[in-house]
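Observations on the three-dimensional arrangement
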Amino acid sequence: MGIELRETIASTYAKSIESGDVHFFQSDSKKVKDPTTGSQYLITHAPSLLRKPERGDEEAEKRNPFAEPEPQLTVSEDLYGLGEYKLLLNKFPVVPKHLLLVTRQFKPQTSALSPQDLLTAYRLLQDLDDDDEMVRNLVFYNCGAPSGSSQDHKHLQVFQWPEKFLAFQDRLCSGKEHFIPDMRSEPLQDPKLSFAHFVVPLPEDPDTVDEELLAMTFVSLLQRTLTFFQDWSNEAPKLETGYNVLMTRQWLCLVPRSRSKSAELDIGFNATGYAGLVLVKHEDVWGKILQEPHIVDRLMLECGFPNTSGQSSVEYDY
Ligand code: B4P
């Protein structure tokens, strides 16, 4: 299935680029290191994205693009014959062959991932990753408006991981075995980072990964993520729930989000920012981040919540 699917994606993408159905945005990328946290960031500058309609713009609000997706962008009408998902090409990618895993029936983008969503995403990673060619992919889910999502129909996204790039989640999980966080064991969290994040390594042997394992792992991370919205409800009762989910074959990570955009600099983040993949549209923001990469960690905190490393979930849970 893997090779066949990869070939269908490649040919659908090539045709849609040629016909103009996919609008690929050119960008420049630079890898930088945050000297304070040791994190790597891949900063991608795509100024032409400023012309793309955004959430709230009249043009962007007109229709649900996933209700009747364009046939030219459709890789599969019914992925894996489950009757649940379509696999589409992203119409506005910055990375080639950027995919969307979209529910066939309308479901809200504020809903949690189901066990089937998780296993289907993991299956896609298995089909798209190629260890011999060092090809790795990232699945992400922007849940709720503060997470940076712009479409309200439930969709996960998949794109190829940048070459030779190590996220903080990779460092954190290196050499660690899978576990399901419980009362005695907390998810991994890097104490050097300013923002809260919950990471668990996934098993090396894919045969041991099933719906139950993924669902139990996800729920343990989600419980901790949702406590932020309970904790803060007295201070900020209107705080909308939002979080990012990031998954590779090596780990699963959830990040609670307080806002989609920074007030300090004109930049917004979706899940990819929390893997260190920072998309910048404005020239002045690009310049500032390259000059002082540690700004990213500050912005992540501004759009997230404070790190809780070293505290057990009962200390910040109620
Ligand atoms: P959402 O989860 O709702 O939003 P998003 O990916 O954060 O993208 P957004 O729309 O806010 O765009 P942004 O300028 O930040 O996903 C909805 C997805 O549906 C979007 O990816 C959108 O492109 C796609 N879409 C909309 N209409 C469509 C249609 N008719 N058919 C098919 N797909 C449609 O980011 C611009 C682009 O860069 C996005 O593709 C985004 O995913 C990508 N991106 C963001 N950060 C990135 C990074 N660090 N590296 C590489 N790419 C990145």
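Residues numbered from 1 in each chain as written. Predicted model: local features only at pLDDT ≥ 70, side-chain atom pairs only at ≥ 80, totals over all residues. Heavy atoms only, no water.

An unreviewed UniProt entry lists the protein under the name LADA_0H00606g1_1, with Lachancea dasiensis as the source organism.

**So, the overall build of the protein**
A count of helices and strands for the protein gives 8 helices and 11 strands. Scaling as 2.2 N^0.38, a compact globule of 318 residues should have a C-alpha radius of gyration of about 20 Å, and the protein matches this with 19 Å. On the principal axes, the C-alpha backbone points of the protein span a range of 55 × 45 × 40 Å. Looking at the 318 residues of the protein, the share that counts as buried comes to 51%. (Helix = DSSP H or I, 4+ residues; strand = E, 2+ residues; numbered from the N terminus. Rg over C-alpha atoms; globule rule 2.2 N^0.38 Å. Buried < 20%, exposed > 50% of the residue type's maximum accessible area, 1.4 Å probe, protein only.)

**Observations regarding the environment of Q72**
Structurally, the position occupied by Q72 is in the loop between α2 (58-61) and β3 (74-76). We classify Q72 as partly exposed; its relative accessible area is 39%. It is 28 Å that separates the C-alpha atoms of Q72 and E163, two residues lying 91 residues apart in sequence. Here Q72 is in contact with T12, S16, D21 and L89, once residues within four sequence places are set aside. (Contact = heavy atoms within 4.5 Å.)

**Concerning the site of the ligand**
Close contacts around the ligand come from 28 residues, with N90, S150, Q151, Q157 and K281 the closest. The contact in question runs from an oxygen atom of the ligand to an N or O atom on the backbone of S150, over 2.4 Å. Between an oxygen atom of the ligand and a side-chain N or O atom of H155, the distance comes to 2.9 Å. Protein contacts shield 91% of the accessible area of the ligand, which totals 870 Å² for the unbound molecule. (Near = heavy atom within 4 Å. Polar contact = N/O pair within 3.5 Å; in protein donor to acceptor, adjacent residues only side chain to side chain. Areas by Shrake-Rupley, 256 points an atom, 1.4 Å probe, with all protein chains shown as cover.)

**Focus: the pattern of salt bridges**
All chains considered together, the criterion is met by 15 salt bridges. Put simply, R184 and D182 hold a salt bridge, and the shortest N to O gap is 3.5 Å. The closest approach of N and O atoms between R298 and E264, which form a salt bridge, is 2.6 Å. Remark: E264 occurs in the loop between β10 (251-256) and β11 (277-280) and R298 occurs in helix α7 (residues 295-302); sequence separation between them is 34 residues. Bridged by salt links that share partners, the residues R63, E70 and K91 form one connected network. (Salt bridge = Lys/Arg side-chain N within 4 Å of Asp/Glu carboxyl O.)

**Here we look at the pairing of β10**
Counting buried positions along β10 yields 6 of 6 residues, so the element is predominantly enclosed. In β10, alternate side chains face the same way, and those of W251, C253 and V255 on one face and L252, L254 and P256 on the other are all buried. In this sheet, β10 lies alongside strand β8 (residues 198-201) in antiparallel orientation, the contact comprising 4 bridges. For F198, the partnering residue across the bridge sits in β10 and is L254. Pairing of strand β9 (residues 243-247) with β10 involves 5 bridges; the strand directions are antiparallel. Considered in β10, the bridge of L246 is made with C253. (Pairing = 2+ DSSP bridges.)

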